[in-house]
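Residue strings, one per chain:
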Amino acid sequence: MKEFFAGSLKLTRFMLRRERVTSVVWIVILVFFSAGLIPLLTNMFGDDAERAALITTLESPAMRAFMGPLFDGGDTFAGLYSAMLLLWMLITIGIMNIFLMTRHTRADEERNRTEVVRSLPVGRLSILNAAVLTAIAVNAVIAIVSGICILAVGAEHGMDFEGSMLYGAAMGVFGLFMAAVTAVFCQLCVSSRGAIGFSFLFLMIAYMVRIMGDMNVEDSGSIPIMTALSPIGLLLHARTFVSNDWLPVLAVLAITAVAVAIAFALNRVRDIDQGFISARPGRTEAKKGLLSPLGLSWRLLRNPLIAWVFGLFAIAVSYGAILGDIETFLESNEIYYTLMVIDPDISLAENFASTIIVMLAICCVIPVLIASLKLRSEEKDGRIEHVLSRSVSRVRYFGGYTFLAFAVSVAATFASALGLYASAVSVMDTPISFSFCFNATMIYLPALWVIIGLAVLLVGLIPRATFICWAMMGYSLFTLFFGRMIPSLSGWIGKTTPFGYIPLLPRDSVNWLALGALTLIAACLTAIGLFAYKKRDMTA
Amino acid sequence: MSDFSLEITNLTKKFGKFTALDDISLSVKKGEVFGYIGPNGAGKTTTIRVLLGILQATSGGAKVFGMDAWKEATHIHKRIAYVPGDVNLWPNLTGGEVIDLFISLRGSSDKAMREEMLEAFDLDPSKKCRTYSKGNRQKVALVAAFASDADLYLLDEPTSGLDPLMGEVFVQQVQRLKKSGKGIFLSSHILSEVERLCDRVGIIMKGKLMQVGTLDELKQKAAAEDGKLPDSMEDLFMRYYKVSEAV
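Thresholds, definitions, all that
Every chain's residues receive numbers from 1 upward, in the order its sequence appears when written. Key to labels: chains lettered from A, ligands numbered from 1, both in the order written. pLDDT decides what is reported in this predicted model: residues at 70 or higher carry local features, side-chain atom pairs at 80 or more are listed and counted, and totals for whole chains, interfaces and linings draw on all residues regardless. Only hydrogens and water are removed before side-chain values are computed, so all heavy atoms of the structure are retained for them. Counting from the N terminus, the helices are the DSSP runs of H or I reaching at least four residues and the strands are the DSSP runs of E reaching at least two. Only protein chains enter the accessibility calculation, which uses a 1.4 Å probe. A residue is then buried if its area is under 20% of the maximum for its type, exposed if over 50%, and partly exposed in between. The contact criterion used is simple: two residues touch if any of their non-hydrogen atoms lie within 4.5 Å. Here the Shrake-Rupley method, with its probe set to 1.4 Å, supplies the accessible areas, and only the displayed protein chains count as covering residues. When DSSP locates at least two bridges between a pair of strands, those strands are taken to pair. Axis angles are defined between N-to-C directions and span 0 to 180 degrees, where every axis is a line fitted to C-alpha atoms and, for a helix, only to the segment in contact. Every residue is assigned a pLDDT by the predictor, reflecting its confidence on a scale from 0 to 100. Buried area counts how much accessible surface, traced with a 1.4 Å probe, disappears from two parts once they are put together, with both parts' losses summed. What counts as a salt bridge is simple: a side-chain nitrogen of Lys or Arg found within 4 Å of a carboxyl oxygen of Asp or Glu.

Asker: Explain the overall build of chain A to me, and be specific about the residues and the numbers.
Answerer: The number of helices and strands found in chain A is 24 helices and zero strands. Expressed as a percentage of its 540 residues, the buried residues of chain A come to 57%. Sequence-distant contacts in chain A: of pairs separated by 6 or more residues, those separated by 24 or more amount to 79%. Accessible surface for chain A amounts to roughly 22,100 Å². Of this, 66% is attributable to carbon and sulfur atoms.

Asker: Account for the overall build of chain B, with residues named and values stated.
Answerer: Secondary structure assignment for chain B yields nine helices and 10 strands. Counting only residues that meet the buried cut, chain B has 56% of its 247 residues in that class. Partitioning the intrachain contacts of chain B with sequence separation of at least 6 by distance along the chain shows that 67% fall at a separation of at least 24. Carbon and sulfur atoms form 50% of the exposed surface of chain B, whose accessible area is close to 10,100 Å².

Asker: Could you give me a rundown of the pairing of strand 6 (residues 80-83) of chain B, with the residues and numbers involved?
Answerer: Residue and element names in this part refer to chain B. Residues of strand 6 alternate between two faces, with Ile80 and Tyr82 on one and Ala81 and Val83 on the opposite face, all of them buried. As judged from the four bridges shared by strand 6 and strand 7 (residues 152-156), these two strands associate in the parallel manner. The partner of Val83 across the bridge, within strand 7, is Leu155.

Asker: Outline the environment of A:Phe398, supporting the account with residue identities and numerical values.
Answerer: Residue and element names in this part refer to chain A. By the element assignment, Phe398 lies in helix 19 (residues 394-427). On the accessibility criterion, Phe398 (0% relative accessible area) is buried. Put simply, Phe398 and Leu530 are 132 residues apart on the chain and 7.1 Å apart in space, counted from C-alpha to C-alpha. Those residues in contact with Phe398 that sit more than four places away from it in its chain are Ser372, Leu375, Val456, Val459, Gly460, Gly529, Leu530 and Tyr533.

Asker: I'd like a description of the side chain of A:Ser199, backed by residues and values.
Answerer: One can find A:Ser199 in helix 11 (residues 192-215). If we ignore the near neighbours within four places in the chain, the residues touching A:Ser199 are A:Ile98, A:Met178, A:Thr182 and A:Phe185.

Asker: Can you break down the sheet that holds strand 1 (residues 4-15) of chain B residue by residue, with the values?
Answerer: Residues and elements named next belong to chain B. With antiparallel pairing, four strands are arranged side by side in an open sheet as 2-1-4-5. The outermost strands of the open sheet, each flanked by one partner alone, are strand 2 (18-29) and strand 5 (67-68). Here strand 1 pairs with strand 2 via eight bridges, running antiparallel. Residue Lys13 lies in a different strand from strand 2, and its bridge partner there is Leu21. Docked against the sheet, helix 1 (residues 44-51) engages strand 1, strand 2 and strand 4 (59-64), running at close to 115° with respect to strand 1.

Asker: Outline the confidence of the model for chain A, supporting the account with residue identities and numerical values.
Answerer: Taken over all residues, the pLDDT of chain A has a mean of 87, while the share at 70 or more is 91%. Note that pLDDT drops below 50 for residues 335-342 of chain A; the model gives that stretch 15 contacts with residues more than four away or on any other chain.

Asker: Please set out the interface of chain A and chain B residue by residue, giving values where relevant.
Answerer: Interfaces are frequently sized by the accessible area removed from exposure as the parts join. Facing 36 residues of chain A, the contacting portion of chain B comprises 39 residues. Here chain A packs against chain B, burying approximately 3,400 Å² in sum over the two surfaces, 54% of which is carbon and sulfur. Contact with chain B buries area across many residues of chain A, yet A:Glu385, A:His386 and A:Arg390 alone supply 20% of it, more than any other trio. On the surface where chain A and chain B come into contact, there are four salt bridges.

Asker: Go over the pairing of strand 3 (residues 33-37) of chain B, please, and point to the residues and values.
Answerer: Residue and element names in this part refer to chain B. For strand 3, the tally of buried residues reaches five of five residues, placing the bulk of the element in the interior. As paired strands, strand 3 and strand 8 (residues 183-188) are joined by five bridges and run parallel to one another. Within the sheet, the bridge partner assigned to Phe34 lies in strand 8 and is Phe185. The sheet contact formed by strand 3 and strand 9 (residues 200-205) spans four bridges and is parallel. Counted as the bridge partner of Gly35 is Val201 from strand 9.

Shown next as structure tokens:
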């Protein structure tokens, strides 16, 4: 048994060395958002009236679904703070760990680095073991540093030692949990992209399952079953800063141990470069559709893009399912009606829908970036010269990927609109109209196009910096959530991403000038990127 | 139209401060097999990448069929076939699909030739590229190149990873192309292969072109300088290697 793990510690040190930039950046960002926002928020909600308005909003079913539960009626600032932020910190650290685990296991295997390491006197399970140890180290640092920083900044605002530590621990444990889940997917899938895709899907399901548990609950002190099924839901019920319950953290830690054990067991029985999805003998000749640069691009992107379009439909359906409950809720609670609805012509359901469409639009960024950044990974993997050394111009090949990115932006937003409408029709007595779903969703296209423009620009001009696109997505998620939550902030933070310029239909009126400007910016960035790509050296 | 398949004039390529190619000039005539030899990292692949228009020259330049390698890449590529030294393929496409794709991206396709090459190189096209060994990936690139009707073949260490039997098939194919008057630019480590196939040879070391000429010319030159005729290609190679190390 011991020889299976030989050399693990040396490999761990090596992995931590490889992490010295990426993980440190993540750690700084996470710690900043977990502790750095405290002064900002205390300023914002220092006033009792403002705080009361926030509490009412957070207690509405829409916000419970979107943001998670608020415990003890938000009596303390610390409790309010964790109700607003912890969920998003969990998701962010989860995403970080998906990439971290894949990077050190399946992605290395794909690039034939694993076999070089395995030829050295290291054990069969050492790479996975080292990756798990690396994840433990990174997440422990995040947990401890966040805890300490929250305490340091928040002590004067009623954030106590135990609550701060629990808050950090919840983050660290969830990060580790997602690392373990990703480790399992890295054994099951044959490609790193497959593993990343499944892990993201898992994260989304975990988010959605907890919505069902958190939706219609009187706070009885116990954890609803549907919530307990989702590790995110479970950790939110640690009631940080309210009653500080450590049991959920320990429970998630236990599931993590099980997931790690499964990953090790799978890794032990499988061969290198193999997964558990068997490969059938393929075609001896290519179909006509493959035989063009665009055909090749489509073939390479087909599966993930189609999966994401269906995935977005599914997410939209699950969001839409909440709309029915809101109608019922409305009938008995006039207070919420008057609070939420600014324009009496617009129903609360529509107001809620327009808020969740923002989330859907940000999810659409994922397939869009997969398509627009594919060419960069082709270049990194040394496959680009096969195409460019033949009679294919750079602009034509890159243009094909760009075209697919634009096409999937339309397909993904449309699938979201359709999903929302489909479930609204089935759960609501007087369903929201299709034209509402369609307009409120498709209006995000110009913002998505700016993201495509940014991706094309970076691939064409600064290929090493393409990670900025993913950072932009995370940042947009963050700003939107804050922009919508706290109107006084949306003024400047919201306007730092393209999504901030998109009106919430039908509440806001359409600003054609802004939409036109976004489209124009997208077109310019794309054109510059394509042009720059003609001029630069290919790297291997 | 020029008489040259390719002409490189005063080509320099820098990556930051590192000079990968230092003032290289050489040319390959139509119907000539040119051997390009040198140790790892000497600049062989960089030269080929400049010829392919994948890298832009820092100064000087390269012409293929009289056209600028950087500016008119797409036109040039219609008439060349390229085999990289390190063949990375798409893991979820089959070998057969990749070969068809490569042939069709160039332009023309000759079904009979494709089958003949698959047979000659003994490659199973129904397997996913993920499952191919290095040698088999190399075969995919070779089959696609040799099944194409090009005027110039750029081959970058094309036999690395092939077994001796397949190395022999490769030599036969190059001889076939040579007979039909094609230009071939062969970068290689395998000196015996170069000796058998090439009309002229260029030796590159540390980004500098040490010598160009027929094998006999190079040997005579070395004899005139050292007073002793090199016994073999290896001797000649080692001689220039020592010269470049001494600089």
